[in-house]
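# Structural overview
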Amino acid sequence: MRKLVWLAAALAIWGAGVADAQQQTPRKGGTIRMTAPYAASFGSLDPQATPRAQDWIVNQAIHRPLYMWDTANSKLALELATEVKTSDDGLVHTYKLRNDVYFHNGRKMTADDVIWSYTRIMDGSKGFPGARYIRVIKGAAEVEKGQAKEISGLKKIDDFTVEITMTDRVEPGYYLFAGTTAILPKEEVEKGNFASAPVGLGPFKFKEHIPGSRVVMERFDKFYKPGKPYADKLEVLIMAEAAARDVAFRNKEIDTSILGPAQYVAYRGDAELSKGILEVAEMFTRAVTFNHTVKPFGDKRVRQAFNHAIDTDLIIKRLVKDKAYRATGWLPPSSAAFDKSVKPYAFDQAKAKKLLTEAGLPNGFEFELTTSQNESWGLPIVEAIIPMLDKVGIKVKPKLVEVTVLTEIAMKGEHTAYIGSNLTGPDSLATLRCYYSKTPRTACNYTGFSNPAYDKLLDDAAQEGDTGKRNDLLKQANNLLFDEAPVWFFNYNKAVLAYQPWIHGLQANPTEITHQYPEDIWVDTRSPAK
Amino acid sequence: MLLVLTRRLANVIPTLVAVVALVFLLFSVLPGSFVSAMNEDGRTSIDPAVMERMRKEMGLDDPLPERFAKYLAHTAVGDLGISFRTREPVTKLIGARVWPSLKLVFVAMAFAISVGVTLGFFAALRPGSILDTVSMVFAISGLSLSQFWFGLMLMYLFALQLKWLPSFGYGDGGLTHVILPAVALGVGPMALLARTTRAAVLEILNADFVRTARSKGMSERRVVEWHVLRNALVLVITIVGLQFGSLMGAAVVVEKLFAWPGVGSLLVDSVFQRDIPTVQGCILLIVLFFLFINTLVDLAYVVIDPRIRHG
């Protein structure tokens, strides 16, 4: 009898091991059901026509740019090329393209496609959003202005070799990894209905789009990564309403769901749901941006006092429900130039009062703070900081506007201060350039910040060819910025993706957690999707 | 009949022009633009040079009267312009949403009429009874319910707990996906119809001609069928017409909640992203639908009530 019990136990352990191994071995087939949570529709399935995060959730499955973000190694990686050689002056980059990349219409991708795609983006009459990235290629600006038809910095060496000459010494990956620079097949685009029937070279090919509901894609068997993708079908379902998404997720109708602060608490507190939570510090820095040209925010002591007057940790814990990381600089933790040793501004209202007194404001001051309704970086946060600032004599007059209007106000410099979320990666140099004195307000210098020492650090970093040294200079610049307190450093967004137990291969992508790599995702047999 | 139709159509044109002008002006003075909306809650940064080119391409920098004149001229020939967001013709975008919207509105209205009129009718036949009390509590609750909350409760009960229906989406366009959004959308009109039908039937039941019919020995069933139902129908049709016409516009919340791909969800998205041509197109369609249904109601009056025909 005892032998039988041991035998049964051994079999059970072996069985469990087999089951576990099966779940770890990617399974071919099945359907992935992801959600698009940021709007009630997709803007365009022509990736060059739309910079929206919502659209790239679909477009990343159908299309691909020259580079992609490598989440595992937290760096940019070549996607459509196997190698790149850079000239000594750092301006000319020669790419050896993959010779196994096929468009979904069966044609092989060549250097001509890269050149044609980048030239299309610079069509000045269209206002393609990716022009901001391609403009760094020599001669692209001339095409944009209509002064030339071809980009002089693009040269075809042979069918699978293309040479790209830049205007500045930059890391080209930061410019050529954006979805708006995806490589497209000319013959399909010129048919005229590309946004309705897109043809790309990604792991999934387009099958169906029900506007306002879903996009369905099928596995592309000639995808250039052997054995991938795993799933037969990928559905991206539009679900803009968080409460409805929650019901659908619990009802197992969707495989992934992005969580807001309230749901994050509920999911963490649930024994089952808490097993499927993916978290990452995204490259978004939330802050109150001061206009330094408006008194008294031109004074560094006032800005520092603001940072000391607020119990930021308390707000993150109580209001944001720990769905954020305390900001200790402008650059996010995923940046190579992020300095982990920097401590946040201490909550010290006595120090804040002292700094205000030193700045000639012993009785404090009053100012208008422009805000949107956003729950994580809008009115609820402003309502929380009002009494804290009041204790040191700073009176806040909130001004509520729509998010769309907030951007416009910031660009025109019509604010005294505003609270918002800012994209702060992955290009640390470009991100820090938003505080460069020569960067216009319309570009992103919404503070009007100007500091010669800071400018010099950025100039040196731009000229530095060695990545390590460059990151060191950027780290110094980021720390200088933290000390100068051009903003109230609030937090870095903690993006949270809930996932079902049968889905595997999801990645904590810090550039945007909803931008998954569908070729790496697979579902096991427990998935209820047909 | 033809006279009624001609008179109605003559009224439609100035209404349409007024709506078009109002929508155009409102969205011209509203702060924020499509280009600034591309910032997408801080998820995307925008290049000022690209912004400038986009504004130019979309004609956002042209003088307001010039833009309005162009818009009117194009609208008059059925060209609603190009969507800022998708760069596709607005007619194409709306065309893809019309059928799901109509499907939702028709099912919602079928639910509202079948449940609302039946409840109101039987409640009126037995005033003060338990049926009357229960149905009126039901009706008042239906009028006070928030569509959003009620929709969530339906999802929770019928999808999550009972597993009878899918909680969201369009699916393959079949009936199972439309039931929950249609009930959420139809509960308001259902409640209104129940109350209106009850009031109308009660009033007619106490009218002189009904008393006369009864005194002449007509059976109660024939009294109800011949006199009460026909006379109550005019009022019921008025409410049905008004509710039906406004339902497409009212579907905004339900469509967004249930991820239903109708005109309402397209409108919401387009407003937030300042896709003005699409907003204008959606509102124009909703107004047209309202006017069309009301014209049908006017014609129905003529058929049902000879006094209107001869008047």
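Residues numbered from 1 in each chain as written. Chains lettered and ligands numbered in written order. Predicted model: local features only at pLDDT ≥ 70, side-chain atom pairs only at ≥ 80, totals over all residues.

### Observations regarding the overall build of chain B
Within chain B, the secondary structure is distributed over 14 helices and zero strands. Ordered by position from N to C terminus, the α and β elements of chain B give α-α-α-α-α-α-α-α-α-α-α-α-α-α. Here chain B, with 311 residues, has 42% of them falling under the buried criterion. Relative to all contacts within chain B whose residues are 6 or more apart in sequence, the contacts with residues 24 or more apart total 73%. (Helix = DSSP H or I, 4+ residues; strand = E, 2+ residues; numbered from the N terminus. Buried ≥ 20, exposed ≤ 12 C-beta atoms within 10 Å, placed from the backbone. Contact = placed C-beta atoms within 7 Å.)

### Brief notes about the overall build of chain A
Helix and strand counts for chain A come out as 17 helices and 19 strands. Over its C-alpha trace chain A gives a radius of gyration of 25 Å, about what one expects of a compact globule, namely 24 Å for 530 residues. Dimensions along the principal axes, computed over C-alpha positions, put chain A at roughly 80 × 75 × 45 Å. In chain A, the share of contacts with a sequence separation of at least 24, taken over all contacts with a separation of at least 6, comes to 70%. (Rg over C-alpha atoms; globule rule 2.2 N^0.38 Å.)

### Some thoughts on the nonpolar core
Grouped together as the largest cluster of nonpolar side chains are 162 residues, with contacts concentrated most on Ala244 of chain A together with Leu193, Cys282 and Ile286 of chain B. For Cys282 of chain B, the contacting residues outside a window of four places in its chain are Ile94, Val263, Leu266, Leu267 and Ser270 of chain B. Counting 67 residues, the second-largest nonpolar core is a separate cluster that includes Ala324, Leu331, Tyr345 and Leu406 of chain A. (Core = buried A, V, L, I, M, F, W, Y, C linked by C-beta atoms within 7 Å.)

### Some details on the packing of helix 5 (residues 90-125) of chain B against helix 8 (residues 175-205) of chain B
Residue and element names in this part refer to chain B. Closest axis-to-axis distance for the helix 5/helix 8 pair is 5 Å, and the angle between their directions is 35 degrees. In the crossing of helix 5 with helix 8, the sense of the turn from one axis to the other is right-handed. For the contact of helix 5 with helix 8, a count of residues per class yields 26 nonpolar, five polar and three charged. (Axes fitted to C-alpha atoms, helices over the stretch in contact; angles between N-to-C directions. Left-handed = near helix turned anticlockwise from the far one by under 90°. Nonpolar A, V, L, I, M, F, W, Y, C, P; charged D, E, K, R; others polar.)

### Observations concerning the packing of helix 1 (residues 2-29) of chain B against helix 13 (residues 276-304) of chain B
Residues and elements named next belong to chain B. Packing of helix 1 against helix 13 leaves a shortest axis separation of 10 Å and a crossing angle of 160 degrees. Between helix 1 and helix 13, the angle falls in the class roughly antiparallel. Note that helix 1 runs across helix 13; the crossing there is right-handed. Contact residues: helix 1 offers Val4, Leu5, Arg8, Val12, Thr15, Leu16, Val19, Val20, Val23, Phe24 and Phe27, while helix 13 offers Ile276, Val279, Gln280, Ile283, Leu284, Val287, Leu291, Thr295, Asp298, Leu299 and Val302. For the contact of helix 1 with helix 13, the per-class residue count stands at 17 nonpolar, three polar and two charged. (Parallel < 35°, antiparallel > 145°, perpendicular 65-115°, else oblique.)

### Quick look at the interface of chain A and chain B
Chain A puts 50 residues into the contact, and the matching count from chain B is 47 residues. Contributing elements (two or more residues each) for the side of chain A that touches chain B: helix 4 (131-134), strand 10 (233-238), helix 8 (242-250), helix 14 (403-412) and strand 16 (417-423) of chain A. Broken down by class, the residue content of the side of chain A that touches chain B amounts to 25 nonpolar, 16 polar and nine charged.

### Side note on the environment of Met239 of chain A
Residue placement: Met239 of chain A occurs in the loop between strand 10 and helix 8. For the pair Met239 of chain A and His415 of chain A, spaced 176 residues apart in sequence, the C-alpha to C-alpha distance is 33 Å. Apart from residues no more than four positions distant in its own chain, Met239 of chain A is found in contact with Thr35, Pro37, Ala244, Arg245 and Ala248 of chain A together with Phe168 and Ala259 of chain B.

### Observations regarding the environment of Glu402 of chain A
Tracing the backbone shows Glu402 of chain A in the loop between strand 15 (394-400) and helix 14. The class of Glu402 of chain A is partly exposed, set by 18 C-beta atoms lying within 10 Å. When the C-alpha atoms of Glu402 of chain A and Pro203 of chain A are compared, they prove to be 37 Å apart, with 199 residues separating the residues in sequence. Setting aside chain neighbours within four positions, we find Glu402 of chain A in contact with Ser372 of chain A together with Gly32 of chain B.

### Points about the sheet that holds strand 6 (residues 154-158) of chain A
Residue and element names in this part refer to chain A. Read from one edge of the open sheet, four strands run 4-5-7-6, paired in antiparallel fashion. At either end of the open sheet lies a strand with only one pairing partner, and these are strand 4 (81-86) and strand 6. Neighbour-to-neighbour, the strand axes of this sheet turn through a mean angle of 20 degrees, independent of strand direction. By the bridge criterion, four bridges tie strand 6 to strand 7 (residues 161-165) in an arrangement that is antiparallel. Paired with Lys155 across the two strands is Glu163, which belongs to strand 7. Against the sheet, helix 3 (residues 111-121) contacts strand 5 (92-97), strand 6 and strand 7, and its axis sits at roughly 170 degrees relative to strand 6. (Pairing = 2+ DSSP bridges.)

### Some points on helix 17 (residues 467-484) of chain A
Because an α-helix packs 3.6 residues into every turn, residues spaced three or four apart end up facing the same way. Residue and element names in this part refer to chain A. Between the first and last C-alpha of helix 17 there are 25 Å, a value that for 18 residues agrees with the 26 Å anticipated at 1.5 Å per step. Turning to helix 17, its buried residues number three or more, namely Arg470, Leu473, Leu474, Lys475, Ala477, Asn478, Leu481 and Phe482. Its buried side turned inward, helix 17 meets helix 15 (428-432), helix 16 (452-463) and strand 17 (487-499). Immediately downstream of helix 17, the backbone of Ala485 shows phi near 45 degrees, a positive value. (Expected span 1.5 Å × (residues − 1).)

### Some words on the sheet that holds strand 9 (residues 214-219) of chain A
Residues and elements named next belong to chain A. The strand order 1-10-9-8 describes an open sheet built from four strands, whose pairing is mixed. Looking at the sheet topology across the chains shown, the edges are occupied by strand 1 (31-36) and strand 8 (204-210). With direction set aside, neighbouring strand axes in the sheet form an average angle of 20 degrees. With five bridges connecting them, strand 9 and strand 10 associate as antiparallel partners.

### A short note on helix 8 of chain B
Over its 31 residues, helix 8 of chain B extends only 38 Å from the first C-alpha to the last, a length that falls short of the 45 Å expected when each residue adds 1.5 Å. Along helix 8 of chain B, the helix axis deviates most sharply at Gly186 of chain B, where the bend reaches about 40 degrees; the proline Pro189 of chain B sits within four residues downstream. (Bend = angle between axes of the 7 residues up to and from the residue.)

### Observations regarding unusual backbone geometry
Here the residue pair Lys295 of chain A and Pro296 of chain A is connected by a cis peptide bond, since its omega of 5 degrees sits within 30 degrees of zero. Structurally, Pro296 of chain A is set in the loop between strand 12 (277-290) and helix 10 (300-309). Cis geometry marks the peptide bond from Gly425 of chain A to Pro426 of chain A, where omega comes out at 0 degrees. In this structure, Pro426 of chain A sits in the loop between strand 16 and helix 15. A positive phi angle is found at Lys321 of chain A, which is not glycine, with a value near 55 degrees. Examined against the element boundaries, Lys321 of chain A turns out to sit in the loop between helix 11 (312-318) and strand 13 (324-326). Positive phi outside glycine occurs at Arg87 of chain B, with the angle close to 60 degrees. Mapping Arg87 of chain B onto the fold places it in the loop between helix 4 (64-76) and helix 5.

### Section: the pairing of strand 3 (residues 75-78) of chain A
Strand residues, when the strand is regular, have side chains that alternate between the two faces of the sheet. Residue and element names in this part refer to chain A. Two elements, strand 2 (residues 67-70) and strand 3, share four bridges in a ladder whose sense is antiparallel. Paired with Asp70 across the strands is Lys75, a residue of strand 3. Where strand 2 folds back on strand 3, the antiparallel hairpin that results is connected by four residues, among which Ser74 adopts a positive phi of roughly 50 degrees.

### Observations regarding the pairing of strand 16 of chain A
Residue and element names in this part refer to chain A. Among the seven residues of strand 16, seven are classified as buried, and the element is accordingly described as predominantly covered. Bridge count for strand 12 against strand 16 is seven bridges, and the pairing is antiparallel. What sits directly across from Thr289, in strand 16, is Tyr418. In this structure, strand 14 (residues 365-371) lies alongside strand 16, joined through two bridges in parallel fashion. Bridge assignment links Thr370 to a residue of strand 16, and that residue is Tyr418.

### Topic: the confidence of the model for chain B
All names here are of chain B. Overall, the prediction assigns chain B a mean pLDDT of 86, with 95% of residues at 70 or greater. Averaged pLDDT values for the elements of chain B fall to 63 in helix 14 (residues 306-310) and rise to 94 in helix 7 (residues 147-161). Across the assembled chains, the prediction reports ipTM 0.84 with pTM 0.88. (pLDDT = per-residue confidence, 0-100.)

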